[in-house]
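Results of the structural survey
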Amino acid sequence: MSLMSTPSAPENLMEAVVSLAKRRGFVFPSSEIYGGINGFFDYGPLGVELKKNIRDCWWNDMVRRRDDVVGVETSIIMHPKVWEASGHVAGFTDPLVDCKTSKQRYRADQLFFAAVIVDGRTVGYVSALESDNTAGDLQAAAESFKRKKAIQGQLAPVVAKDMTEAQPDEIPLIPSPATGEPGSLTPPRAFNMMFETHVGAMRDASAIAYLRPETAQGMFVDFKAVVDTGRVKLPFGIAQTGKSFRNEITPRNFIFRSREFEQMEMEFFIHEDDDWAKWHRYWIDWCKDWLKSIGLPDSHLSEYDHLKEKLAFYSKGTTDIMFKYPFGVQELWGIAARGNYDLTQHANASGKPQDIFDEATKKKFVPHVIEPAVGLDRIFLAVLCAGYAEEEVKDDKGNVEKRTVLRLSPRIAPVKVAVLPLLKNKPELVARAQALYAKIKRKYAAFYDEAGAIGRRYRRQDEIGTPWCVTIDFETIEKDGTVTLRDRDSMQQKRITEAELFALLDEQVF
Ligand code: GAP
């Protein structure tokens, strides 16, 4: 088998990834037999392994392999006062616009409009949902508007604005993207994204509670408990992974923005006099290096510093690590320097001081925090998008065929090694292959496959990202016991001993 073309991502990469995810059991729409439910997803047999591997790598590197970070697992439903103190009840909102005719709802900052100006005169408005080319879409819509209305004159280049910038007298003139007609869009209003529920048998206001919209507050609320019980000393971090819930107005881009998702967050507490900028930079670099360690290419990663004037009053700085998804460069991981806002808020609201005694100065102070917060599902999507490639290969008979390959790092691949007897009708090959399979499985995720031609079996593993296939052939049983190791990316094959195989796995899977 040899490579005929350079591996490349297809033009419709996102479609290809979504299709592979479904076809091979990585991700399914939730409740699909009932038509699905927008913004919710299920992870299938391979998806759950990939997700667990990413989570485990993060936990091992962030918590177990460090001496200055400890873990917690806090409840999803917390005392409602937590969300009042944190500011979520009052301010965890997105601007919402309704279309009264179609009953569609839009996030105002994702719904764009422009005045159609001909010979310096506004003759109407056009609208478009945010895309890779929003300005281009609006320009095309303006040209079409002018043509349809047979308006003569020079069309000015459109100036795209989002609905949060619309003036009250403009709103009735902007067409709804659902109907194409003006008059049905409402002015933007604040929509709280927390899911409400009731705790206990009562359904009144006193029983209202929320599904957490972030895992972070669990670490703040447990700060004192960890300080009092764990042997921690500043600077130190508290980490957790777990589900968060946001009633997103427009969940989209597959698992990128969903309503139920998993976060991996860490609150790194530092002395009030410590150099926050140094720690902020440290964690940005750490997060980027970690993403590379699980296989994301440097070329797809970039940084975005939030504008100072748009930061919350308590924030000293926020930098997002951005990833080049097929639908654009988007936030993957946010690293925020939050001052001592959260602990102070909880101290004030609960009446329980959240300070620490400084032996050196004999003074109490509330620690400051740096918070790296990432979505596990977004990393999952990033590794699928970065790893997916199609290439042309020539088989031993000279036939050219397409190979789909998922170049997942061995650290996170759902299956680390596939064990294949060369022929399934030779009991001695099968017995030897099954014995090796059982041995590998004690430590690493492995897959046994004896069905079909060997080339097809390789191809099935390529598509799910298995880094290595091991074939048991006659040389294995009749000669020196070596097996053929086939590398997914290069498709090169070589003979190795069992001991060498385990050494390779030990080195690459950590
Ligand atoms: N505690 C801070 C916090 O939650 P955030 O920027 O709102 O900050 C952190 O969320 C990360 O969680 C984001 O960078 C993103 O990776 C992920 N995330 C946020 N909303 C999400 C959604 N609706 N679907 C999937 N992931 C999401």
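Parameters and conventions
- Residues numbered from 1 in each chain as written.
- Predicted model: local features only at pLDDT ≥ 70, side-chain atom pairs only at ≥ 80, totals over all residues.
- Heavy atoms only, no water.
- Helix = DSSP H or I, 4+ residues; strand = E, 2+ residues; numbered from the N terminus.
- Buried < 20%, exposed > 50% of the residue type's maximum accessible area, 1.4 Å probe, protein only.
- Lys, Arg positive; Asp, Glu negative; His and termini not counted.
- Salt bridge = Lys/Arg side-chain N within 4 Å of Asp/Glu carboxyl O.
- Contact = heavy atoms within 4.5 Å.
- Axes fitted to C-alpha atoms, helices over the stretch in contact; angles between N-to-C directions.
- Parallel < 35°, antiparallel > 145°, perpendicular 65-115°, else oblique.
- Left-handed = near helix turned anticlockwise from the far one by under 90°.
- Nonpolar A, V, L, I, M, F, W, Y, C, P; charged D, E, K, R; others polar.
- Patch = residues over 30% accessible without salt bridge, like charges linked within 9 Å, V, L, I, M, F, W, Y side chains within 5 Å.
- Areas by Shrake-Rupley, 256 points an atom, 1.4 Å probe, with all protein chains shown as cover.
- Near = heavy atom within 4 Å.
- Polar contact = N/O pair within 3.5 Å; in protein donor to acceptor, adjacent residues only side chain to side chain.
- Pairing = 2+ DSSP bridges.
- Core = buried A, V, L, I, M, F, W, Y, C linked by side-chain atoms within 4.5 Å.

A word on the side chain of Lys416. Take Lys416: it is sitting in the loop between strand E22 (400-406) and strand E23 (417-421). Among buried Asp, Glu, Lys and Arg side chains, Lys416 stands out as unpaired, with Glu49 the closest opposite charge at 7.6 Å. If near-sequence neighbours (up to four positions away) are discounted, Lys416 is found in contact with Asn53, Pro410, Arg411, Tyr444, Ala445, Thr466, Pro467, Trp468, Leu505 and Val509.

Turning our attention to the packing of helix H2 (residues 45-64) against helix H8 (residues 276-293). The geometry of H2 relative to H8 is characterised by a closest axis approach of 11 Å and an angle of 140 degrees between their N-to-C directions. Accordingly, the angle class assigned to the pair H2 and H8 is oblique. In terms of crossing hand, the pair formed by H2 and H8 is right-handed. Note on element contacts: H8 touches H2 through Trp283, Trp286, Trp290 and Ser293, opposite Ile54, Cys57, Trp58, Asp61 and Met62. Taken together, the residues of the contact of H2 with H8 break down into seven nonpolar, one polar and one charged.

What follows is about a nonpolar patch on the surface. Together, Ile76, Ile77 and Val199 make up a nonpolar patch on the protein surface, roughly 220 Å² of accessible area in all. Inspection of the secondary structure puts Ile76 in the loop between strand E4 (69-71) and helix H3 (80-85). When its relative accessible area of 30% is taken as the criterion, Ile76 is described as partly exposed.

Moving on, we get to the site of the ligand. In the vicinity of the ligand there are 18 residues, among which Glu214, Arg246, Glu265, Glu331 and Leu332 approach most closely. At 2.8 Å from a nitrogen atom of the ligand is found a main-chain nitrogen or oxygen belonging to Ser258. Gly375 places a polar main-chain atom, nitrogen or oxygen, 2.9 Å from an oxygen atom of the ligand. When the ligand sits alone it has 550 Å² of accessible area, and the protein chains cover 88% of it. Mapped by element, the contributors of at least two residues to the shell around the ligand are strand E14 (260-270), strand E17 (328-339) and strand E20 (368-375). The element that contributes the greatest number of residues to the shell around the ligand is E20, accounting for four residues. In terms of residue class, the shell around the ligand is built from six nonpolar, four polar and eight charged.

Strand order in the open sheet formed by five strands is E24-E23-E25-E26-E27, with mixed pairing between adjacent strands. Here the strands that pair on one side only, and so sit at the sheet edges, are strand E24 (446-448) and strand E27 (493-496). Sheet twist, expressed as the average angle between the axes of neighbouring strands with direction ignored, equals 25 degrees. Pairing analysis gives four bridges linking strand E25 (residues 468-472) to strand E26 (residues 483-487), with the strands arranged antiparallel. Considered in E26, the bridge of Cys469 is made with Arg486. Packed onto the sheet, helix H11 (residues 427-441) meets E23, E24, E25 and E26 and runs at close to 160 degrees relative to E24. Relative to E23, helix H12 (residues 454-464) is tilted by about 170 degrees, and along the sheet it contacts E23, E24, E25, E26 and E27.

Let us now look at the pairing of E27. Looking at chain direction, E26 and E27 are connected through four bridges and run antiparallel. Looking at the pairing, Thr484 lines up with Arg495 of E27. What sits between E26 and E27 in their antiparallel hairpin is a turn of five residues, with Met491 showing a positive phi close to 60 degrees.

Our next topic: the nonpolar core. Among the nonpolar cores identified, the biggest contains 60 residues, and Ile54, Trp290, Trp333, Ile379 and Leu381 are the most heavily contacted of them. Counting only elements with at least two residues in this core, the list comes to helix H1 (13-23), H2, E14, H8, strand E16 (317-325), E17, E20 and helix H10 (376-387). In terms of residue count, H10 provides more of this core than any other element does, eight residues in total. Contact partners of Ile54, with chain neighbours within four places excluded, come to Met264, Trp290, Ile294, Leu376, Ile379, Phe380, Val383 and Ile412. Core analysis: the second largest hydrophobic core is formed by 21 residues, Leu429, Tyr437, Trp468 and Val483 among them.

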